[in-house]
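Single-letter residue listing:
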Amino acid sequence: MLTEMENLVDLDTLSIRELNDLLDLALMYQEGKNAPTLKRDVRIANLFFENSTRTVTSFQMAEHRLGLSRFDISVAGSSVQKGESLEDTIKTIQAIGMDIAVVRHPATGWYRELVADRNLHLSLVNAGDGAGVHPSQTLLDLMTIKKEFGHFDGLKVAIVGDLSHSRVANSDAKIFRKLGMSIRFAGPEEWWSEELAPFGSFEKLDDLLADVDVCMCLRVQLERIGQAGRATFTANDYHQQYGLTKARAERLKKTAIIMHPAPVNRGIELDDELVESKQSRIFDQMANGVYARMAMLTRILEERDLLEKE
Ligand code: CP
């Protein structure tokens, strides 16, 4: 069984100091810090059981910059299609010689039994588990906020939209609170999740806009909404009631920033023109993702004693 830093599956298991160290390392990479020297060839497998553009590509870029040997496993062409379980797939790639597996999977908590399995000694990185958590997204969101404001303490964050299906909301809310930010949620009542109540209040979007430093809109995840919900969902109604329209954005503080984990449904979660507006940090979030993922992988390499001393 590996330690919590040999696997990185949920940032909530890290202390505030460990979180800040990870963040500092990501920011140092962004400022030009060189990749460390590996003691030996390190093999890393990327297994994405759900679609991805940002996460998969920025993990690949991070792996490239760290000099890792990268193996992109095509789930569509793998024995998963013959019914092989995730556990057996992971054990198979371990047997073949992988040191690290980056996994995105639709099952919430897919990693829980695996990290407790004494027969597993490859490191697991959670690239998103169902409606669970999205650690690397949270780290890149923290980078984006830290670069903007220089601190976390006392910042006010609105998280808006499809709350009950969002691993980003779940993941960010816990860690943002831990680091001293306050959270206010808004969106359709049927998509509110009481599990988020310990981290912030559920309010009307129009009541909180003028007061927040960060307005984070979430993607409407139609793929996780039942057929009945899909049948009654209307993009235009959603946009008018819960979307960040240009009129609503004008009520934000001039210093406030707009974030979205993307992919963005332009014209639904926010107005098309706001995506690349002066206050938007959406594409900065994507750029930050490479460095956040480099930092996460470096920590694993360090813990596994795979790096030469600097
Ligand atoms: N934000 C995010 O996880 O994007 P992808 O689904 O494209 O990886």
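Residues numbered from 1 in each chain as written. Predicted model: local features only at pLDDT ≥ 70, side-chain atom pairs only at ≥ 80, totals over all residues. Heavy atoms only, no water.

**Some details on the sheet that holds strand β2 (residues 69-73)**
Across the sheet, which stays open at both edges, the four strands sit in the order β2-β1-β3-β4 with parallel pairing between neighbours. The sheet terminates laterally at β2 and β4 (123-129), the two strands that pair on one side only. Across the sheet, the axes of successive neighbouring strands diverge by a mean angle of 15°, strand direction being ignored. Both strand β3 (residues 100-105) and β4 contribute to a ladder of five bridges, which runs parallel. Looking at the pairing, Val-103 lines up with Asn-126 of β4. Of the strands in this sheet, β1 (43-48), β2, β3 and β4 touch helix α2 (residues 54-65), which is tilted by about 175° from β1. (Pairing = 2+ DSSP bridges. Helix = DSSP H or I, 4+ residues; strand = E, 2+ residues; numbered from the N terminus. Axes fitted to C-alpha atoms, helices over the stretch in contact; angles between N-to-C directions. Contact = heavy atoms within 4.5 Å.)

**Some thoughts on unusual backbone geometry**
For the bond from Ala-262 to Pro-263, the omega torsion is 5°, close enough to zero to count as cis. Here Pro-263 lies in the loop between β9 (257-259) and α11 (272-275). In this model, Ala-262 sits at a positive phi of 65°, which is unusual for a non-glycine residue. Tracing the sequence through the fold places Ala-262 in the loop between β9 and α11.

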